[in-house]
Amino acid sequence: MEESAATYDPTHYQRPSVTVDVVIFTLINQELHVLLVQRRHWPFEGYWAIPGGFINMDESLVESARRELAEETGVRDVYLEQLYTFGEVGRDPRSRVISVAYIALISADAQKIRASDESTDVRWFPVSALPERLAFDHDQILAYAISRLRSKLEYTTLAFQLLPELFSILELKHIYEQILGEELDKGNFYRKIKESGLLEETQLTREGRGRPTRLWRFRRDRAGEKQFVFRWREDRLSR
């Protein structure tokens, strides 16, 4: 029988559950960190996991991601970008579960994290010193997120979100190096960033060892941001 609005029966079809997972990165002590929660209940009791959970029927995916992030970690009001959809059969022992992952890069000192009733702890982990195994397929999700974060540095100004209003180019270079996990050539980096038209030199300096350091700011008119391209692979010292 041909289906219509009157005859359609959703129980004729199997319906998987849908979750959202939110990968949140930041820099702490000049090192790239990711936010993880320690699960209180089965499955994967005691394991560290990416914050997330099941969506409600009356909310969008991004609304669900924001709600879960706030409930599980206390992190609020961050810009989330959809990362990828993970749907391997058997990825969740509870049922057939498809997860839509999101990614964000934030300043850690702008957020106060806390654990929820469903977790025993919430903590920032250096990406170079993660727990041996994460819950579910979160090792795969995190690896994909790190790869995406690094690739986005080539065509977005994502790294600038971690800077204060005034900064040195050396500080910007260090942020790029921490996210990329590689050392960049200083001369080429300085030249490309200055030629991008994104920075505005100020008359302010910062005192330190040796000569004062010139401070810069992100241009208020964001001139050239949409055309920003930074091929950092060409500047790796390990080439």
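Residues numbered from 1 in each chain as written. Predicted model: local features only at pLDDT ≥ 70, side-chain atom pairs only at ≥ 80, totals over all residues. Heavy atoms only, no water.

## Side note on the pattern of salt bridges
Reasoning step 1: Counted according to the given criterion, the structure contains 12 salt bridges.
Reasoning step 2: When the shortest N-O distance is used, the salt bridge between E81 and K152 registers 3.1 Å. Here K152 lies in helix α2 (residues 138–152) and E81 lies in strand β5 (residues 81–86), a separation of 71 residues in the sequence.
Reasoning step 3: Judged by its relative accessible area of 7%, K152 falls in the buried class.
Reasoning step 4: Via salt bridges that share partners, E59, R67, E68 and E71 belong to a single interconnected network. (Salt bridge = Lys/Arg side-chain N within 4 Å of Asp/Glu carboxyl O. Helix = DSSP H or I, 4+ residues; strand = E, 2+ residues; numbered from the N terminus. Buried < 20%, exposed > 50% of the residue type's maximum accessible area, 1.4 Å probe, protein only.)

## Digging into the environment of K112
Reasoning step 1: Structurally, K112 can be placed in the loop between β6 (97–105) and β7 (119–126).
Reasoning step 2: Look at K112 and you get exposed, because its relative accessible area is 73%.
Reasoning step 3: Taking the C-alpha atoms as reference points, K112 and R191, separated by 79 residues in sequence, lie 37 Å from one another.
Reasoning step 4: Among all residues touching K112, those that are not within four sequence positions of it are T73 and G74. (Contact = heavy atoms within 4.5 Å.)

## Focus: the pairing of β6
Reasoning step 1: Most of β6 sits out of view: 8 of its 9 residues are buried.
Reasoning step 2: Note that strand β1 (residues 17–28) and β6 share 9 bridges and pair parallel. Note that in β6 the partner of I24 across the bridge is A104.
Reasoning step 3: In the sheet, β5 pairs with β6 via 5 bridges, with the strands oriented antiparallel. Each bridged residue has a counterpart across the sheet, and for F86 the counterpart in β6 is S99. (Pairing = 2+ DSSP bridges.)

## Focus: the side chain of E72
Reasoning step 1: Mapped onto the fold, E72 is located in helix α1 (residues 61–73).
Reasoning step 2: Lacking a salt bridge, the buried E72 has R39 as its closest oppositely charged neighbour, with an N-O distance of 6.0 Å.
Reasoning step 3: Apart from the residues lying within four places of it in its own chain, the contact partners of E72 are V37, P51, G52, R114, A115, S116, E118 and S119. (Lys, Arg positive; Asp, Glu negative; His and termini not counted.)

## So, the pairing of strand β8 (residues 199–206)
Reasoning step 1: Both β8 and strand β9 (residues 213–218) contribute to a ladder of 5 bridges, which runs antiparallel. Pairing of E200 across the sheet is with R217, part of β9.
Reasoning step 2: Between β8 and the antiparallel strand that follows it, β9, lie 6 residues; G210 among them carries a positive phi value of about 75 degrees.

## Brief notes about the UniProt feature "domain: Nudix hydrolase" (unreviewed entry) in the chain
Reasoning step 1: In the UniProt entry, the feature "domain: Nudix hydrolase" (unreviewed entry) is given for residues 15–150.
Reasoning step 2: In this annotation, residues 15–150 is assigned 19% helix and 36% strand; the end-to-end C-alpha distance for the span is 35 Å. (UniProt positions renumbered as here; feature names shortened; annotations may be inferred.)

## Re the packing of aromatic side chains
Reasoning step 1: A complete count under the given rule lists 10 aromatic pairs for this structure.
Reasoning step 2: Both rings, one in Y84 and one in F86, keep their centres 5.1 Å apart while their planes meet at 70 degrees; by these two values the pair is edge-to-face.
Reasoning step 3: Judged by its relative accessible area of 3%, F86 is buried.
Reasoning step 4: Between F160 and F218 the ring centres are 4.5 Å apart and the planes differ by 25 degrees, which places this aromatic pair in the stacked class. (Phe/Tyr/Trp six-rings, centres within 6.5 Å; stacked < 30°, edge-to-face > 60°.)

## As for the side chain of K173
Reasoning step 1: Along the chain, K173 turns up in helix α3 (residues 169–180).
Reasoning step 2: Excluding residues that lie within four positions of it along the chain, K173 makes contacts with L184, D185, K186, F189 and Y190.

## With respect to the environment of F44
Reasoning step 1: Summarising the element assignment, F44 is placed in the loop between β2 (31–39) and β3 (48–49).
Reasoning step 2: On the accessibility criterion, F44 (18% relative accessible area) is buried.
Reasoning step 3: Between the C-alpha atom of F44 and that of L134, which follows or precedes it by 90 residues, the distance is 8.7 Å.
Reasoning step 4: Setting aside anything within four residues of it in sequence, one finds F44 in contact with R39, P93, R133, A135 and F136.

## A look at the confidence of the model for the chain
Reasoning step 1: Summing up the model confidence of the chain, the mean pLDDT is 90 and the portion of residues at 70 or higher is 93%.
Reasoning step 2: The lowest-confidence element of the chain is helix α4 (residues 186–195), averaging 88 in pLDDT; the highest-confidence one is β3, averaging 98. (pLDDT = per-residue confidence, 0-100.)

## Description of unusual backbone geometry
Trans peptide bonds make up the majority, and among non-glycine residues the majority have a negative phi.
Reasoning step 1: Here the residue pair W42 and P43 is connected by a cis peptide bond, since its omega of -5 degrees sits within 30 degrees of zero.
Reasoning step 2: Here P43 is to be found in the loop between β2 and β3.
Reasoning step 3: Located in the positive-phi region is F136, a residue other than glycine, with phi close to 50 degrees.
Reasoning step 4: Summarising the element assignment, F136 is placed in the loop between β7 and α2.
Reasoning step 5: Owing to a relative accessible area of 11%, F136 belongs among the buried residues under this scheme.

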